[in-house]
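Structural overview
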Amino acid sequence: MLSWFRLKNNSLFVRTLLSFTILVMIVIVTITLIFSNLYSTTLYSQISREQVKGLEMLSENVDNLFKEMDQIFLNLEINMDIELFLSSRSHDALTTNKARLQISNIRQINPYIHSIFVYNSVLQENIVEGEPGFDVESYLKRDASFQKSVNDSRTIYLTRLKESEVPPSFLTDKKAKYIISMEYTNRSVNGEQQTVVINLNDDLLVRDYLSKNGDLLMLVDADGNLVAHSNIDEIGQNIKDTPSFQAVKNSIAESGDVINKKGNDRTLTTFVINRTTGWYVLGSTPYQSLIQPIQDKRNELLGVCLSILLLCLALIFLISKKLYNPVQRLTELFKGSQFNVGSTASNDISLISQVYTETLQHMQSLENKNRDSQQLMKNNFLRKKLIADEPESAASQSSEDFKLRIDFDRLLLCVIKIDGYSQLDGQSAMVLESVLFQSVTELLNDEFRYEALQMPKGEIVLLINESESVEDGFPHLLAKLSSVKDSIAVTLDITITIGISNPIDAWGDCPNAYLQAQEMVKQRFVLGLNRIIYPQYVEEMLAHSFDLPTEIEQSLTAAIKRNDRERFVEGLENMAALLRGYVHADAMQALFHVLLVCITQMNQMLNDENKKLGMRFGELNLIFTEMETLGQAKHWLLTQFDEYQKSLESIQHLKENKFYRKIEETIQYIQNNYSDSNLSVEMLAEVAGYTPNYFSKLFKEMTGINSGEYIRKVRIGKAKELLKNDEHKVSDVAEICGYVNSSHFYSAFKKVVGMTPSAYREFALAEKE
């Protein structure tokens, strides 16, 4: 009785007990009732989505297969022997045999190809390569087994095979009586037709794409014909009158599922519309086989939920009773805490939460302040000031947390940079940076008030105060830095350049001072390495100038024209002597101008596309960034001149070849006869008086490219000139440039230029406007 009386008087315990009991019962009963009803529907929807996703992957695989066939057709189209057969207007057994051999080789690229049919309507001649069974006569008659007409450049349809005495292949165990035909047809204005039909093995398609245990998979065209089926015997049948196909066809979605009820049996039919063909990819699964595992799992879930409910009810009392005593002790403890001053907590639990949160925040603050060493935090603070990473309002507050050894009375910013840093490997650079930083701080000792920190790319930054004496403050600092520089040259066997900014008065001046000190270091390009450079020194020693005397440019270009290395070196020396009086930015601008003039003159002298000098912008930018002295710039320009001399020697050696004149005449012949559609390697070889194989070898050796590529280059170049105005239609341009087939012209133009002829014309006309 006494325990029960205490329990009743204990309001917190009672509230906890009742709340916990009611909450657990409501939650578990609600989950049990609702989830048991929704679980089967949710899981069923998930299974349906997975099946639809599987069909989408199957449809994508079929798309990829058709794309492979499109690529194979492109290989057929651009093959010179096959193109010659398709465009021939007279029968030639040699041309036909060459085309047949090429078709046979290309067919072996993909195992899914049943056969390839190529048809020339002008000659009424065709070539068939591949498995037997393709009915050529029926195709030429265009009977019901074949596509009646072709409105697009490519049509995909189902074709029935004719009976063949050849036994089926033992490799694939082929049984299907149908194939999938991909017909590519080009028609000219006068009705001439060039057709390529690539036939796919339905057997391999079924075996590799539609074989899946427990599911019935099929491909159906818009008329309900079974193009492919996991049961090969079903291929060719029509299912347009079945309820499931009607439901799928009436759906406005591109993918989804329908349930077909036939008697007591129900079937889940999932579908996806194939993007390439518009066919339906269908999957059929008995509904009962899907729902039975769901029902079993639902029953198991109900049992588990009921067991959890009983267990929770049994433990509620014990848990609630044990919960109160710790809460009471914790509440009494927190009431006397230093974090409970002015507390507005409405109850014990909110009091505990509030004091606990404030305690954690205080501990986090202490942890943040002591996480890293004071020196590391100070360095991070200083780096942020140099790169303006914090607003000015935050800077004054943060600086109070560090005991900085500097003030803004005659404060300078120095940047120390290792000379030749860009030529060091990673490990050597890392070691030198660390040793240099330690050496600088030791050599400065306590004679000056300063803060030192390391920056990227071998830089050491000093925020340093001048001496207290105004008279010898800056000279004394220069003398000390010079002593440090000399000591490092002796001890570390390296030289350094030191750039000094103007005095700064506040943290906000640090970013500009840092950039100014870096700019002082860059002046070593004209002043030389191993120096101390500051604004007054630059003003006394250097001047601003934006132009080089024309005599220097003329001297360099004359040396390039005469191939005179000594005169080129002399011109570089004169240029360097003049640039030593320029500031860094003007010197780099003048140097870049000289580079453009020299490279342009060299390329004019070479007059050979394959020998011209040049480089990507990224390489050029890297070279100019890493150049530290004028000597390096002169050496680099002289290297370019040496490369130019090698190219001249190579071209001269080529011209001395006894076959060079013949190839030049052949190139001129191509320039004059590019519009001839029959222009080929054989014709050029006949003009030159060599065999085709020997001529092709000579042409590539002399020019660097084969004759076919050169013909295409000339034709496309002429086409680009004609397309720059709208005097000719695109089809007329193709014919003028020697392309009988407009489709072939479009393909070749886009491959070389990167855009279609029509798009190029629009671009060229817009540029002209």
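Everything below is about the structure shown above.
Residues numbered from 1 in each chain as written. Predicted model: local features only at pLDDT ≥ 70, side-chain atom pairs only at ≥ 80, totals over all residues. Heavy atoms only, no water.

1. Here we look at the packing of helix 17 (residues 550–562) against helix 19 (residues 584–606)
Axis separation between helix 17 and helix 19 bottoms out at 10 Å; the angle between their running directions is 25°. Taken together, the axes of helix 17 and helix 19 are roughly parallel relative to one another. Relative to helix 19, helix 17 is oriented so that their crossing is right-handed. Note on element contacts: helix 19 touches helix 17 through H593, V594, V597, C598, Q601, M602 and M605, opposite E553, L556, T557, I560 and K561. (Axes fitted to C-alpha atoms, helices over the stretch in contact; angles between N-to-C directions. Helix = DSSP H or I, 4+ residues; strand = E, 2+ residues; numbered from the N terminus. Parallel < 35°, antiparallel > 145°, perpendicular 65-115°, else oblique. Left-handed = near helix turned anticlockwise from the far one by under 90°. Contact = heavy atoms within 4.5 Å.)

2. As for the sheet that holds strand 3 (residues 154–160)
In spatial order, the strands read 2-1-5-4-3; together these five strands make up an open sheet with antiparallel pairing. One side of each edge strand has no neighbouring strand; the edge strands of this open sheet are strand 2 (125–130) and strand 3. Geometrically, the sheet is characterised by an average inter-axis angle of 20° between neighbouring strands, direction not taken into account. Of the strand pairs in this sheet, strand 1 (residues 113–120) and strand 5 (residues 193–201) are connected by seven bridges, and their pairing is antiparallel. Bridge assignment links S115 to a residue of strand 5, and that residue is N199. Running at roughly 45° to strand 1, helix 3 (residues 80–87) makes contact with strand 1, strand 2 and strand 5 of the sheet. Relative to the sheet, helix 4 (residues 93–107) contacts strand 1 and strand 2, its axis offset from that of strand 2 by approximately 30°. (Pairing = 2+ DSSP bridges.)

3. Regarding helix 23 (residues 681–688)
Those residues of helix 23 lying buried are V681, L684, A685 and A688. Buried residues of helix 23 fall within an arc of 100° about the axis and therefore sit on the same side. A positive backbone phi angle near 85° is found at G689, which sits one or two residues after helix 23. (Buried < 20%, exposed > 50% of the residue type's maximum accessible area, 1.4 Å probe, protein only. Arc of directions from axis to C-beta.)

4. Examining the environment of Q601
Along the chain, Q601 falls in helix 19. Taking the C-alpha atoms as reference points, Q601 and A558, separated by 43 residues in sequence, lie 9.3 Å from one another. The contacts of Q601, once residues within four sequence positions are left out, are T557, I560 and K561.

5. Here's the deal with the nonpolar core
Ranked by internal contacts, the top residues of the largest apolar core, which has 64 residues, are V440, L462, L481, I500, F525, F568 and M575. Take this core: its biggest share by element is ten residues, from helix 19. When sequence neighbours within four positions are dropped, the list of residues in contact with L462 reads L412, L413, C414, I416, V440, L444, Y450, E451, A452 and L481. Counting residues in hydrophobic clusters, the runner-up holds 45 residues, among them L65, M69, I82 and L205. (Core = buried A, V, L, I, M, F, W, Y, C linked by side-chain atoms within 4.5 Å.)

6. Section: the layout of surface pockets
Gaps left between atoms show up when a probe the size of a water molecule is rolled over them. What the largest pocket holds in volume is close to 1400 Å³. The wall of the largest pocket is formed by 44 residues, among which M80, E83, L84, S677 and L679 lie closest to the centre. Put simply, the parts of the chain that give the lining of the largest pocket at least two residues each are helix 2 (11–78), helix 3, helix 4, strand 4 (178–187), strand 5, helix 23, helix 25 (707–723) and helix 27 (742–753). Ranked by residues supplied to the lining of the largest pocket, first place goes to helix 3 with six residues. (1 Å grid on protein atoms, 1.4 Å probe; cavity = no way out; pocket = protein on both sides within 12 Å on 5 of 7 lines; lining within 4 Å. Points joined across faces, edges and corners; volume = space filled by probe spheres on them.)

7. A short note on the packing of aromatic side chains
Inspection of the entire model under this criterion finds 17 aromatic pairs. Centroid distance F745 to Y746: 6.3 Å. Interplanar angle 85°. Geometry classified as edge-to-face. Overall, the relative accessible area of 33% leaves Y746 in the partly exposed class. Every member of this aromatic cluster is reached through a ring pair, and the members are Y739, F745, Y746, F749 and Y760. The cationic tip of K417 hangs over the ring face of Y421; the distance from NZ or CZ to the ring centre is 5.5 Å. (Phe/Tyr/Trp six-rings, centres within 6.5 Å; stacked < 30°, edge-to-face > 60°. Lys NZ or Arg CZ within 6 Å of the ring centre and 35° of its normal.)

8. As for the packing of helix 25 against helix 28 (residues 757–768)
Running from N to C, helix 25 and helix 28 point in directions that differ by 50°, and their axes come no closer than 9 Å. The angle between helix 25 and helix 28 falls in the class oblique. Viewed along their axes, helix 25 and helix 28 form a crossing whose handedness is right-handed. Along its contact with helix 25, which presents K720, L722 and L723, the element helix 28 presents P757, Y760, R761 and A764. Partitioned by chemical class, the residues of the contact of helix 25 with helix 28 number five nonpolar, no polar and two charged. (Nonpolar A, V, L, I, M, F, W, Y, C, P; charged D, E, K, R; others polar.)

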